[in-house]
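What follows is each chain in one-letter form.
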Amino acid sequence: MIEIKNVSKQFNTADGFIEALKNVSISIPNGDIFGIIGMSGAGKSTLVRCINMLERPTEGAIEIDGVNLCELSESNLRNIRRDITMIFQGFNLLMQRNCLGNVCFPLELAGKSKSEAKKRALELLDIVGLGDKAKAYPAQLSGGQQQRVAIARALATNPKVLLCDEATSALDPTTTNSILELIRSINEKLGITVVIITHQMSVVESICKHVAILDKGEVVEQGEVTEVFSHPKSEAARHLVFPEGNFDSLLVNESEQRFIRVIFNGARATGSPLIAKMAVEKGIEANIAYASTKSIGGKAYGSMLLGVTDDNTIVNTAIRYLTNTPDVLAEEVRVNV
């Protein structure tokens, strides 16, 4: 269990005093995939650096399995950090080492023999699907492959916690999806607790079980992903759900409509649009109130807000129909105003 208790972090900069985190409290169960999401400047990266104590909180406590990291000496922290590894947006691979050498590096630092390190590194490269790239150098790999090497390196010390700081932000949607599937598989097979720091709601929706929303250094909402994003209460959550518009007035004024948000996360794009098919096959007409989708490699990504008749049977039938399509999520949205 990761317990973030009343954590605040202040910085004195040339531009003045900055309060990056304000009384943040979050509980992350063992084995969970937990998302921390917010816009730029919300304090996400500061928080993740506090979790592994690269930044010491000004106030509060970071506890992992009952141990308060804030009370540990630097030498004890070095040992604990083997249990808390991290992957980044920029991959941070050693360019002068090949894939095998990159994954061996933390094992060498931990005092493993060359033969032990090589054996474990090859096992990890197989796990991330790069067993045939052991001798390749980072410059010879795609962005997705480099991130897979970074994940293999992060797993080298058998960590309890994997921190992902904007780990897919530099990748295209298709590659992002494959990396998220890899992280999900690692979580399920190895039981590692995963904390995902991101500004991309699609990442949280596709992989996370729970989420906390940060806004200006504060947690403004947290809970199960489906509950938080289907019933957004805070302004920050509403902005994430509806990134290109404020739909509060729409949801209030259209009293005869209910709203369903549809998320396309790599659904196969076909010549017969999904919404039109629903109208033909189920007799449900939907008004598209908002849409931001794109097709990449024959697959659809993005989201859409549909207005349907205010009738429980129609709403439930529409949601079942839409979610029956692979890689499509659908949920009713109700904004509290």
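Look up: the structure comes first, before these words.
This write-up is about the structure you can find in this document. Since we're looking at a predicted model, the values are computed, not measured.

## Looking at the packing of helix α11 (residues 274-282) against helix α12 (residues 312-323)
When two helices pack together, their arrangement is given by the angle between the helix axes and the distance between those axes.
Reasoning step 1: Interaxial distance between α11 and α12 falls to 11 Å at its minimum, and their mutual angle equals 125°. As far as their axial angle goes, α12 and α11 are oblique. In this structure, the crossing between α11 and α12 has a hand that is right-handed. Each of Leu274, Ile275, Lys277, Met278, Glu281 and Lys282 in α11 lies in contact with α12, whose residues at this interface are Thr317, Ala318, Tyr321 and Leu322.
Reasoning step 2: Among the residues making up the contact of α11 with α12, the classes are represented as six nonpolar, one polar and three charged.

## Comments concerning unusual backbone geometry
Reasoning step 1: Backbone geometry places Asn6, a non-glycine residue, at a positive phi of 50°.
Reasoning step 2: Take Asn6: its relative accessible area is 42%, and that puts it in the partly exposed class.
Reasoning step 3: The backbone of Asn158 sits at a positive phi, close to 50°, despite the residue not being glycine.
Reasoning step 4: When you line up the elements, Asn158 lands in the loop between α5 (143-154) and β7 (161-165).
Reasoning step 5: On the accessibility criterion, Asn158 (52% relative accessible area) is exposed.

## Observations regarding a negative patch on the surface
Reasoning step 1: A surface patch of negative charge is lined by Glu19, Glu59, Asp215, Glu218 and Glu235.
Reasoning step 2: For Asp215, a relative accessible area of 30% translates into the label partly exposed.

## Things to note about the pattern of salt bridges
Reasoning step 1: By the definition in use, this model includes 12 salt bridges.
Reasoning step 2: Residue Glu332 pairs with Arg258 through a salt bridge whose shortest N-O separation is 2.5 Å. A residue pair is termed long-range when its members are at least 10 positions apart, and Glu332 in strand β14 (residues 328-333) and Arg258 in strand β11 (residues 257-268) qualify at 74 residues. Residues Glu332 and Arg258 agree in their burial class; the two are buried.
Reasoning step 3: A salt bridge links Arg261 to Glu331; the shortest N-O distance between them is 2.6 Å. Separated by 70 residues along the polypeptide, Arg261 in strand β11 and Glu331 in strand β14 bring together distant segments of the chain. This pair shows no difference in class: Arg261 is buried, exactly as Glu331 is.

## So, the sheet that holds strand β10 (residues 218-224)
Where strands meet in a sheet, backbone hydrogen bonds hold them as pairs that are either parallel or antiparallel.
Reasoning step 1: Read across the sheet, six strands follow the order β6-β7-β8-β3-β9-β10 without closing on themselves; strand pairing throughout is mixed. If you trace the sheet from one side to the other, it starts and ends with β6 (84-88) and β10, each paired once. Put simply, the sheet's adjacent strands are angled 15° from each other on average, direction ignored.
Reasoning step 2: Bridge count for β6 against β7 is five bridges, and the pairing is parallel. The residue bridging Ile87 from the neighbouring strand is Cys164, located in β7.
Reasoning step 3: Running at roughly 170° to β6, α5 makes contact with β6 and β7 of the sheet.

## Let's talk about the pairing of β7
Reasoning step 1: With respect to burial, β7 is a largely interior element, five of its five residues being buried.
Reasoning step 2: Taking every second residue as pointing to the same face, both faces of β7 are buried, with Val161, Leu163 and Asp165 on one and Leu162 and Cys164 on the other.
Reasoning step 3: In terms of strand pairing, β7 meets strand β8 (residues 193-198) through five bridges, oriented parallel. Along β8, the bridge assignment pairs Leu162 with Val194.

## Considerations on the side chain of Gln147
Reasoning step 1: For Gln147, the position within the fold is in helix α5.
Reasoning step 2: Residue Gln147 is classed as buried on the basis of its relative accessible area, which comes to 0%.
Reasoning step 3: Not counting chain neighbours up to four residues away, the residues in contact with Gln147 comprise Ile87, Phe88, Phe91, Ala167 and Ile179.

## Some details on the state of the cysteines
By definition, a disulfide links the sulfur atoms of two cysteines through a covalent bond.
Reasoning step 1: Enumeration over the complete set of coordinates arrives at zero disulfides.
Reasoning step 2: Looking at the unpaired Cys104, the closest cysteine sulfur is the one in Cys99, lying at 11 Å.
Reasoning step 3: No disulfide involves Cys208; its sulfur sits 9.0 Å from the nearest other cysteine sulfur, which is in Cys164.

## Details of the packing of helix α3 (residues 99-109) against α5
Reasoning step 1: Contact geometry of α3 with α5 gives a least axis separation of 8 Å together with a crossing angle of 30°. Between α3 and α5, the interaxial angle falls into the category roughly parallel. Viewed along their axes, α3 and α5 form a crossing whose handedness is right-handed. Packed against α3, whose contacting residues are Cys99, Asn102, Val103 and Pro106, the element α5 presents Val149, Ala152 and Arg153 at the interface.
Reasoning step 2: Split by residue class, the contact of α3 with α5 holds five nonpolar, one polar and one charged.

Criteria and thresholds
Residues numbered from 1 in each chain as written. Predicted model: local features only at pLDDT ≥ 70, side-chain atom pairs only at ≥ 80, totals over all residues. Heavy atoms only, no water. Axes fitted to C-alpha atoms, helices over the stretch in contact; angles between N-to-C directions. Helix = DSSP H or I, 4+ residues; strand = E, 2+ residues; numbered from the N terminus. Parallel < 35°, antiparallel > 145°, perpendicular 65-115°, else oblique. Left-handed = near helix turned anticlockwise from the far one by under 90°. Contact = heavy atoms within 4.5 Å. Nonpolar A, V, L, I, M, F, W, Y, C, P; charged D, E, K, R; others polar. Buried < 20%, exposed > 50% of the residue type's maximum accessible area, 1.4 Å probe, protein only. Patch = residues over 30% accessible without salt bridge, like charges linked within 9 Å, V, L, I, M, F, W, Y side chains within 5 Å. Areas by Shrake-Rupley, 256 points an atom, 1.4 Å probe, with all protein chains shown as cover. Salt bridge = Lys/Arg side-chain N within 4 Å of Asp/Glu carboxyl O. Lys, Arg positive; Asp, Glu negative; His and termini not counted. Charge placed at Lys NZ, Arg CZ, Asp CG, Glu CD. Pairing = 2+ DSSP bridges. Disulfide = S-S within 2.5 Å.

In short, shape yes, function no, at least from these values alone.
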